[in-house]
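A closer look at the structure
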Amino acid sequence: MSPAYEFQGWLGHSPDAANGSMKWGPFEPKRWEEDDVDIEISHCGICGSDIHVLRSGWGETPYPCCVGHEIVGKAVRVGSNVEKIKVGDRVGVGAQALSCLRPECPECAAGLTNYCPNGQVSTYGSIYPGTLGKSYGGYANFNRTCSQFVVKIPAGLPSEHAAPMLCGGVTVYAPLRDNGCGPGKAVGVVGVGGLGHFAVLFAKALAADRVVGISRRVSKKEDVLALGADDYVATEGDSHWRTKHARSLDIILCTVSSPQMPLADYLGLLKYGGIFLQVGAPDGGELPPINVFDLMQAGLKIGSSSIGSPSDIEEMLQLAVEKRIKPWVMTRPMSEANQAIQDMEAGKARYRYVLVNEKQAEK
């Protein structure tokens with residue numbers, strides 16, 4: 001039986017959509033399966049990934065495309081095979097909508113679905129296997145996703161706070177946790193924007209001894225300290241920052257996605273055996289070249305991470321409730337999506353925009 005609602009959203013029809021030319025209209029979600037959940041969307045965070053995909057920055061986008069992978073809302077239809085979610089539950093979807101889920105897949109069997117090499121489907125802009133159709137995201141009124149990638153939002157966490165955690169939050173939480181962020185560690189966060197502000201919040205929640213925000217301009221210092229950082233480095237405001245903070249950090253998490261960033265200088269801030277974690281993803285994937293001697297002279301490691309699994313998201317959300325983590329978000333009506341992505345690209349968000357379907361959020 002077809003649902004009594006129509007899927008509609010902001011559709012990008014060409015790379016120019018990233019400049020604010022999305023058009024509201026209907027779309028056909030993936031073909032219904034009894035493992036699926038339909039979500040009436042109340043909130044959707046705006047992620048930098050949305051803009052990259054709208055402009056085909058990470059490869060050719062299959063237009064029309066409805067972006068948005070920080071989705072929170074109410075389950076309004078639940079497949080007969082689904083046990084963990086009931087109609088009426090407040091639920092969320094992050095950046096992934098499907099993996100192969102085969103028991104013979106080492107990654108899926110280990111719960112590392114975000115690293116599955118087979119059958120990866122993003123929440124938007126992907127083609128499902130077979131005849132299931134295309135994935136459409138959360139700048140919309142409804143979303144349909146496989147229940148394996150739908151999580152319950154815990155009580156005590158406002159929807160506008162939960163939404164940007166589903167991608168932005170877990171993208172920094174998972175690598176910090178997996179690389180030993182905790183007591184006795186000094187952690188640097190390069191780029192204190194949407195991702196970076198989450199990195200400061202979660203590094204403190206994981207009990208790092210010292211958290212240092214690193215950004216270009218002095219103007220962010222007060223914000224970063226208010227987020228809980230212990231120190232701030234403005235690379236354009238202090239010509240001695242490289243020597244003053246040399247070999248002072250155990251972990252650097254880099255959210256910047258510029259091929260012009262001073263990577264060698266950042267590596268010089270790491271102690272012996274330190275690790276540099278890159279989570280910012282530039283168009284084309286290009287980063288500055290690495291001189292191997294910069295790694296050898298301090299025994300450094302370079303790593304990366306991709307989003308997070310559903311279990312990572314659930315763990316992160318529970319930590320957010322326990323530690324009362326409050327991301328800095330600015331809500332915008334869903335009707336303002338075109339202007340909001342332009343404002344996001346212009347760096348006006350402090351520090352994450354969340355689109356709100358106001359009528360549905362009131363239910």
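Residues numbered from 1 in each chain as written. Predicted model: local features only at pLDDT ≥ 70, side-chain atom pairs only at ≥ 80, totals over all residues. Heavy atoms only, no water.

1. Overview of the environment of Ser-239
Residue position: Ser-239 is located in the loop between β12 (231–234) and α6 (241–244). By relative accessible area, which is 60% here, Ser-239 ends up exposed. When the C-alpha positions of Ser-239 and Glu-336 are compared, they lie 41 Å apart, and in sequence the two are 97 residues distant. (Helix = DSSP H or I, 4+ residues; strand = E, 2+ residues; numbered from the N terminus. Buried < 20%, exposed > 50% of the residue type's maximum accessible area, 1.4 Å probe, protein only.)

2. Focus: the nonpolar core
By size, the foremost hydrophobic cluster in this structure holds 44 residues, and its most contacted members are Met-165, Val-172, Leu-176, Cys-181, Phe-202, Met-316 and Leu-317. Only α3 (159–178), β10 (186–190), α4 (194–205), α5 (221–227), β12, β13 (249–254), β14 (270–278) and α9 (310–322) provide two or more residues apiece to this core. Look past the residues within four positions of Met-165 in its chain and what remains in contact with it is Leu-157, Val-170, Phe-198, Phe-202, Met-316, Leu-317, Ala-320, Ile-325 and Pro-327. In this structure, Ala-17, Phe-27, Leu-54 and Ala-337 belong to the second largest nonpolar core, which totals 38 residues. (Core = buried A, V, L, I, M, F, W, Y, C linked by side-chain atoms within 4.5 Å. Contact = heavy atoms within 4.5 Å.)

3. Side note on a nonpolar patch on the surface
Residues Val-292, Phe-293 and Met-296 make up a contiguous nonpolar surface patch of roughly 330 Å² in combined accessible area. Within the fold, Phe-293 resides in helix α8 (residues 292–296). Here Phe-293 falls in the exposed class, since its relative accessible area comes to 56%. (Patch = residues over 30% accessible without salt bridge, like charges linked within 9 Å, V, L, I, M, F, W, Y side chains within 5 Å. Areas by Shrake-Rupley, 256 points an atom, 1.4 Å probe, with all protein chains shown as cover. Salt bridge = Lys/Arg side-chain N within 4 Å of Asp/Glu carboxyl O.)

4. Topic: the sheet that holds β12
One open sheet holds the six strands; their spatial order is β12-β11-β10-β13-β14-β15, and the pairing between them is parallel. Pairing within the sheet leaves two strands with one partner each, and these edge strands are β12 and β15 (301–304). Adjacent strand axes in the sheet meet at a mean angle of 20 degrees, parallel and antiparallel pairs treated alike. When β10 meets strand β11 (residues 210–215), the two strands line up parallel, connected through five bridges. (Pairing = 2+ DSSP bridges. Axes fitted to C-alpha atoms, helices over the stretch in contact; angles between N-to-C directions.)

5. Overview of the pairing of strand β5 (residues 90–93)
In this sheet, β5 lies alongside strand β4 (residues 71–78) in antiparallel orientation, the contact comprising four bridges. When the bridges of β5 are listed, Ile-71 appears paired with Val-93. Where β5 and strand β9 (residues 150–152) come together, three bridges link them in antiparallel fashion. Bridged to Gly-92 within β9 is Val-151.

6. Focus: the UniProt feature "domain: Enoyl reductase (ER)" (unreviewed entry) in the chain
In this numbering, the UniProt entry assigns the feature "domain: Enoyl reductase (ER)" (unreviewed entry) to residues 17–355. Secondary structure over residues 17–355 splits into 25% helix and 24% strand, and the C-alpha atoms at its two ends are 17 Å apart. (UniProt positions renumbered as here; feature names shortened; annotations may be inferred.)

7. Concerning empty space enclosed by the protein
Unfilled space is identified by rolling a water-sized probe across the atoms. Enumeration according to the criterion identifies two cavities of 30 Å³ or more in this entry. Taken together, Gly-94, Ala-95, Gln-96, Phe-149, Leu-166, Val-170, Ile-307, Gly-308, Ser-309, Pro-310 and Ile-313 make up the lining of the largest cavity. Elements that contribute at least two residues to the lining of the largest cavity include exactly α3 and α9. Taken together, the residues that form the lining of the largest cavity break down as seven nonpolar, four polar and no charged. As a volume, the second largest cavity reaches approximately 50 Å³. Residue lining of the second largest cavity: Phe-27, Pro-29, Lys-30, Tyr-128, Lys-134, Ser-135, Tyr-136, Gly-137, Phe-142, Asn-143 and Arg-144, and that is the complete set. Looking at side-chain class alone, the lining of the second largest cavity contains five nonpolar, three polar and three charged residues. (1 Å grid on protein atoms, 1.4 Å probe; cavity = no way out; pocket = protein on both sides within 12 Å on 5 of 7 lines; lining within 4 Å. Points joined across faces, edges and corners; volume = space filled by probe spheres on them. Nonpolar A, V, L, I, M, F, W, Y, C, P; charged D, E, K, R; others polar.)

8. A short note on the pattern of salt bridges
Considering all chains together, one arrives at 21 salt bridges under this definition. Two residues, Lys-30 and Glu-33, come together in a salt bridge whose shortest N-O distance is 3.5 Å. For Lys-30, a relative accessible area of 3% gives the class buried. Looking at Glu-33, the relative accessible area reads 31%, which means it is partly exposed. Note that Asp-36 is salt-bridged to Lys-30, the shortest N-O span being 2.7 Å.

9. Section: the packing of aromatic side chains
For the coordinates displayed, the defined rule picks out 10 aromatic pairs. Ring centres 4.5 Å apart and planes at 20 degrees place the aromatic pair Phe-27 and Tyr-136 in the stacked group. With Phe-27 in the loop between β2 (23–26) and β3 (36–45) and Tyr-136 in the loop between β7 (121–122) and β8 (142–146), the pair connects residues that are 109 residues apart, well separated along the chain. Residue classification places Phe-27 among the buried positions, given a relative accessible area of 10%. Given the relative accessible area of 12%, Tyr-136 is considered buried. Its guanidinium or amino end placed over the ring of Tyr-128, Lys-30 lies 5.3 Å from that ring's centre, counting from NZ or CZ. (Phe/Tyr/Trp six-rings, centres within 6.5 Å; stacked < 30°, edge-to-face > 60°. Lys NZ or Arg CZ within 6 Å of the ring centre and 35° of its normal.)

10. Describing unusual backbone geometry
Cis geometry is found at the peptide bond from Tyr-63 to Pro-64, where omega equals -5 degrees. Position of Pro-64 relative to the elements: it lies in the loop between α1 (48–54) and β4. Here the amide bond leading from Arg-350 into Tyr-351 is cis, since omega sits at -5 degrees, within 30 degrees of zero. Position of Tyr-351 relative to the elements: it lies in the loop between α10 (337–345) and β17 (352–356).

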